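Summary of structural features
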Amino acid sequence: MQNFSYWNPSRIIFGKGTMSEVGKETAKWGKKVLFHFGGGSIKKNGVFDAVTASLKDAGLQIVYLGGVVPNPHLSLVREGIELCKKEHVDFVLAVGGGSVIDSAKAIAFGAKLPASQDVWNDYYMKADYTIAEALPLGVVLTIPAAGSESSTGSVITDAEHGLKRAVNSETLISKFAVMDPQTNYSLPAYQTACGASDILAHLQERYFTTVEHNDLSDRLLEACMRNVITNAPLALQYPDEYRYRAELMWTGTIAHNNLLDRGRVGDWATHDIEHELSALYDIAHGAGLAILFPAWMRYVHKVDIDRFVQYATRVWNVDLPLSDKEGIIEEAILRLQAFYKRIGMPTTLADAGIPGDKLRFMAENAFVGERTHLGNFQKLYVGDVEKIYRLAL
């Protein structure tokens, strides 16, 4: 286990009826709020009205900015930054899922940048940066998936140039996150499944490390993975059952608030490889991860075959002779793919209707910017990434 520092000040307000607390929490940090959201779903399920009422009851002024799409666009971020400056907004409230939160984070720190700096070119496209300050940010989470509600990260897409990139900074951790699992009841099954896939991916990215002797985190990660595997199909079968929604929602937060990767170095290559898929083909992030994670596993497992055997036996209950380690690992990958199929995820590029004619282009595009390699479990270069795409065909 490596030395580590852990700090996450985000207040989690979890449970039934908690949206009424949004105004009170926001009033601690600001008086004029940018209410940032996506499409029309929060207006149909009552979240928009409930949050607006809570903010107004607290005496807050509201500036609205909707229109966030999956794989949130840089163009809307720029619009939000200018709106915050024009309206003298002092707090950003993200109401929605990971895309809305990531967009809100970009707006929050972009609004504090001097005119000489650009949110995209000087941060998302750089390997070395420091986000010194940001407008305070709050979250009303309606989609358990990305874990962005209390994470340090934000992922944005430059749709014009087909690039999807991330930044990470403790400055971007939300001041609070209101999480009512009842808001998930109206989610389409596909969106629920994509969210479960994303949560599982965050756990797997952290699990596959070459840092030894991190047993507690291993066990916690394994428990969270098993929780997703158990509860995702139940949430799909019984969409209005609170307990299954609550399990997924809380696991999604724990999976990505950086507690479970302390003392170890996660991989994250699969996320970076997937970003090229969603940037080019606008596929849902969770769906792209379901396609690529099995391919990545088949490509890199020999780096630490015993870690993959541990994953197979502890997470997937594979019970084969230990003399057949390759067989154990392949069975675990097949069970992972079966889980994805069970919840309605694609497991190949063909399943998602993605052709194989741009694999080299995507592999090369993954290195645009200041990247020298992808991943930590095994450092990957352009040729490696192309081979992983081919394994996913």
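Structural notes, computed from the coordinates. (Residues numbered from 1 in each chain as written. Predicted model: local features only at pLDDT ≥ 70, side-chain atom pairs only at ≥ 80, totals over all residues. Heavy atoms only, no water.)

1. Comments concerning the overall build of the chain
When helices and strands are counted, the chain shows 15 helices and eight strands. Relative to the globule expectation of 21 Å for 393 residues, the C-alpha radius of gyration of the chain, 20 Å, shows essentially globular dimensions. Taken over the C-alpha atoms alone, the chain extends approximately 65 × 45 × 45 Å along its principal axes. Within the span of the chain, comprising 393 residues, buried residues form 58% of the whole. The contacts of the chain with a sequence gap of at least 6 include a subset with a gap of at least 24, amounting to 78%. Element-wise, carbon and sulfur atoms account for 50% of the exposed surface of the chain, whose accessible area totals about 16000 Å². Positive and negative side-chain charges in the chain, numbering 39 and 46 respectively, have mean positions lying 3 Å apart. (Helix = DSSP H or I, 4+ residues; strand = E, 2+ residues; numbered from the N terminus. Rg over C-alpha atoms; globule rule 2.2 N^0.38 Å. Buried < 20%, exposed > 50% of the residue type's maximum accessible area, 1.4 Å probe, protein only. Contact = heavy atoms within 4.5 Å. Areas by Shrake-Rupley, 256 points an atom, 1.4 Å probe, with all protein chains shown as cover. Lys, Arg positive; Asp, Glu negative; His and termini not counted. Charge placed at Lys NZ, Arg CZ, Asp CG, Glu CD.)

2. Details of the nonpolar core
The biggest cluster of nonpolar side chains holds 65 residues, and the ones touching the most others in it are Trp296 and Tyr311. If you tally residues by element for this core, the top one is helix H11 (residues 285-300), at ten residues. The contacts of tryptophan 296, once residues within four sequence positions are left out, are Phe208, Asp267, Ala269, Thr270, Phe308, Phe377, Leu380 and Ile388. Residues Leu34, Val63, Ala106 and Leu135 belong to the second largest nonpolar core, which totals 39 residues. (Core = buried A, V, L, I, M, F, W, Y, C linked by side-chain atoms within 4.5 Å.)

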